[in-house]
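Descriptive analysis of the structure
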Amino acid sequence: EPLGAPSEAGAAKSAPESLPAPAAPAEIPGGATWAEAPGLVARGLCMGIADVVPGVSGGTMALILGIYARLIAAIRSLGLDALKLGLGGKLGQARDRIHWRFLGSVVCGQAIGVVICTRGIKLPNLIKTHPEPVFALFFGLVLGSTVWLLRDLRRAVVAKGESLGRLVVPLAAGLGLGLLVVTAVPTQTPSSAWFLFLCGSVSICAMVLPGISGSFVLLLLRQYEHVLGAVGEVIHPTGEAGRIEPLIQTVLPFAAGCLVGLLTFVRLLGALLRRAEHATMAFMGGLLTGSLYALWPFAERTYETVRGKSKLMGQTPQLPDFAAGATWLALGLMLVGAVSVVALERIAPRKH
């Protein structure tokens with residue numbers, strides 16, 4: 001099963017039978033009944049909010065809400081078999097093979113969650129107007145995810161009687177790459193279609209895995225504000241460009257990358273996790289640790305106005321000013337973020 005491993009690897013759970021068995025398409029046409037749809041939409045809503053907030057993985061939320069195994073089965077249903085049936089004119093058989101009702105319900109809920117975060121809470125704008133507290137919260141969320149991932153990975157390795165020393169090299173490699181990415185990636189990355197396609201392909205892999213946040217990947221690639229801002233403009237345009245320009249220039253290339261990543265890279269990642277589960281997760285833990293540098297909330301930031309919009313052009317990390325009240329607010333939000341993730345992860349085992 002190409003993506004069976006991420007649930008155990010990402011969440012570092014040792015017993016695969018602790019997850020609910022995915023329903024076969026033959027048993028439930030469409031992967032779900034219409035009676036389940038409202039509940040699936042509600043779960044998708046929670047996943048959508050988690051996907052937008054860096055540090056909280058949509059995969060983790062699916063695991064907590066008890067639909068992770070079914071989600072993986074639904075993704076696997078979008079395979080070559082269904083495509084061949086569709087191209088061969090056997091549309092009815094192709095439809096029956098795909099878990100369309102399950103995916104449609106969950107995706108609908110996710111879309112609502114994204115709308116809430118982009119147009120209600122307006123996270124992209126908060127990053128510009130209140131960068132220190134927002135980045136502090138993000139830092140705490142990612143830190144909590146990193147600690148939890150590495151802690152449970154250690155427990156899984158010890159439980160299997162394997163040597164922790166085997167994880168040193170992949171952990172160091174991930175740490176080095178994380179530091180390289182946050183220091184080498186420029187403050188402004190291209191907003192061209194090919195780069196947005198790449199961002200979508202990579203971030204969707206992270207969104208599926210428990211413990212790794214796709215939004216965090218967008219932050220590292222400096223496209224978090226741009227992509228979420230474009231989604232917000234498509235939902236409710238406020239500028240002169242309307243909704244067509246951000247849709248064509250940003251949302252569609254990113255969505256196309258997500259689709260390709262979902263159908264190809266995610267399966268590739270699943271195969272890698274099957275063959276080297278612990279080493280892969282150690283690498284990801286190191287990557288998260290090294291990448292925390294980019295989220296350090298206390299920094300001197302410089303902005304420039306580009307095409308009528310304020311753009312972050314550079315930031316220099318610095319030590320916090322403990323005499324300032326804003327510093328203690330940021331530290332408090334950092335603690336809240338870390339504790340929230342740990343609390344969410346502790347719920348997961350009790351749900352299965």
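Residues numbered from 1 in each chain as written. Predicted model: local features only at pLDDT ≥ 70, side-chain atom pairs only at ≥ 80, totals over all residues. Heavy atoms only, no water.

**Topic: the overall build of the protein chain**
To be explicit about the condition: Under the scheme used here, helices are H or I runs from DSSP no shorter than 4 residues and strands are E runs no shorter than 2 residues, and both carry numbers assigned from the N terminus. Exposure is judged per residue with a 1.4 Å probe applied to protein chains only, and the accessible area is read against the type maximum: over 50% gives exposed, under 20% gives buried, and values in between give partly exposed.
Within the protein chain, the secondary structure is distributed over 16 helices and two strands. Looking at the 352 residues of the protein chain, the share that counts as buried comes to 46%.

**Looking at the packing of aromatic side chains**
Stated precisely, the cut-off is as follows: Between rings of Phe, Tyr and Trp, where Trp is taken as its six-membered ring, a pair exists when centres lie within 6.5 Å; planes separated by under 30 degrees are stacked, by over 60 edge-to-face, and by other angles tilted.
Scanning the entire structure with this criterion turns up seven aromatic pairs. With centroids separated by 5.5 Å and ring planes inclined at 80 degrees, the aromatic side chains of Trp194 and Phe195 adopt a geometry described as edge-to-face. An angle of 70 degrees between the planes, with centres 5.3 Å apart, marks the rings of Trp296 and Phe298 as edge-to-face. You can call Trp296 partly exposed: its relative accessible area is 26%. We classify Phe298 as buried; its relative accessible area is 3%. An aromatic cluster of three or more residues is present, and its members are Phe135, Phe138 and Tyr224.

**Observations concerning the pattern of salt bridges**
Oppositely charged side chains may form a pair once their charged atoms are brought near each other. Selection rule: The salt bridge definition used is simple: a Lys or Arg side-chain nitrogen within 4 Å of an Asp or Glu carboxyl oxygen.
Summed over all chains, the structure comprises four salt bridges. A salt bridge links Arg95 to Asp96; its shortest N-O distance comes to 3.2 Å. By relative accessible area, which is 37% here, Asp96 ends up partly exposed. Look at the salt bridges and you will find they share partners, linking Arg151, Asp152 and Arg155 into a network.

**Some details on a nonpolar patch on the surface**
We count it as follows: A patch consists of residues whose relative accessible area exceeds 30% and which take part in no salt bridge; residues with like charges are grouped when within 9 Å of each other, and nonpolar side chains (Val, Leu, Ile, Met, Phe, Trp, Tyr) when within 5 Å. Accessible surface is estimated by sampling points in the Shrake-Rupley manner with a 1.4 Å probe; for residues, cover comes only from the protein chains shown.
A surface patch of nonpolar side chains, amounting to about 300 Å² of accessible area, comprises Ile49, Ile112, Ile116 and Ile121. Position of Ile112 among the secondary structure elements: in helix H7 (residues 100-120). The class for Ile112 is partly exposed, based on a relative accessible area of 40%.

**A short note on the confidence of the model for the protein chain**
Note: predicted coordinates in regions of low pLDDT should not be interpreted at a detailed level. Quick reminder of the rule: Residue-level confidence of the predictor, termed pLDDT, takes values from 0 up to 100. Any two residues having at least one pair of non-hydrogen atoms within 4.5 Å are treated as being in contact.
The pLDDT averaged across the protein chain works out to 78; a share of 82% of its residues lies at or above 70. Here helix H1 (residues 5-11) stands out as the least confident element of the protein chain, with mean pLDDT 40; H7 is the most confident, with 88. Within the model, pLDDT remains below 50 along residues 1-26, and this stretch shows 63 contacts once partners closer than five positions in the same chain are excluded.

**Brief notes about the nonpolar core**
Where a protein is soluble and globular, its nonpolar side chains tend to be buried together. As a reminder of what qualifies: Each nonpolar core is a collection of buried residues, namely Ala, Val, Leu, Ile, Met, Phe, Trp, Tyr and Cys, held together in the definition by side-chain atoms within 4.5 Å.
Core analysis: the biggest nonpolar cluster contains 66 residues, and Met47, Ile67, Phe102, Phe138, Leu218, Tyr224 and Leu295 have the highest contact counts within it. Top contributing element to this core by residue count: helix H9 (residues 131-159), with 11 residues. Beyond its immediate stretch of four places on either side in the chain, Leu218 contacts Cys199, Ser203, Gln223, Tyr224, Val227, Leu228 and Phe254.

**Points about unusual backbone geometry**
If you check the backbone angles, Arg222 has positive phi at about 65 degrees while not being a glycine. By the secondary structure assignment, Arg222 is in the loop between helix H12 (214-220) and helix H13 (224-235).

**Thoughts on helix H11 (residues 193-208)**
The criterion, for reference: Multiplying 1.5 Å by the helix residue count minus one yields the expected span of that helix.
For H11, with 16 residues, the first-to-last C-alpha span of 23 Å sits near the 22 Å given by 1.5 Å per residue. Among the residues of H11, Phe195, Leu196, Cys199, Gly200, Ser201, Ser203, Ile204, Cys205, Ala206, Met207 and Val208 are the ones counted as buried.

**Thoughts on the environment of Leu71**
Considering the arrangement of structural elements, one finds Leu71 in helix H4 (residues 68-77). The exposure class assigned to Leu71 is buried, which follows from its relative accessible area of 9%. Through-space distance from the C-alpha of Leu71 to that of Gly31 is 9.5 Å; in sequence the pair is 40 residues apart. With residues near it in sequence (within four places) discarded, Leu71 still touches Met47, Ala62 and Phe102.

**Let's talk about the environment of Leu141**
By secondary structure assignment, the location of Leu141 is in helix H9. On the accessibility criterion, Leu141 (6% relative accessible area) is buried. A sequence separation of 193 residues divides Leu141 from Met334, and the C-alpha atoms of the two residues are 7.4 Å apart.

**Observations regarding the environment of Ser57**
Mapping Ser57 onto the fold places it in the loop between helix H2 (37-52) and helix H3 (58-64). Taking the relative accessible area as the measure of exposure, Ser57 reaches 1% and is therefore buried. Sequence separation of Ser57 and Ser215 is 158 residues, and the distance between their C-alpha atoms is 8.4 Å.

**Some points on the packing of H7 against H13**
Stated precisely, the cut-off is as follows: Only the contacting stretch of a helix is used when fitting its axis, a line to C-alpha atoms as for every element, and angles between N-to-C directions run 0 to 180 degrees. Angles are sorted into four bins: roughly parallel if under 35 degrees, roughly antiparallel if over 145, roughly perpendicular if 65 to 115, and oblique for all others. Each residue gets one of three labels, nonpolar for Ala, Val, Leu, Ile, Met, Phe, Trp, Tyr, Cys and Pro, charged for Asp, Glu, Lys and Arg, and polar for the others, Gly among them.
Orientation of H7 relative to H13, taken along the N-to-C sense of each, is 95 degrees, at an axis distance of 9 Å. In this view, H7 runs roughly perpendicular relative to H13, as classed from their interaxial angle. Note on element contacts: H13 touches H7 through Leu228, Val231, Gly232, Glu233 and Ile235, opposite Val114, Val115, Thr118 and Arg119. The residue makeup of the contact of H7 with H13, split by class, is five nonpolar, two polar and two charged.

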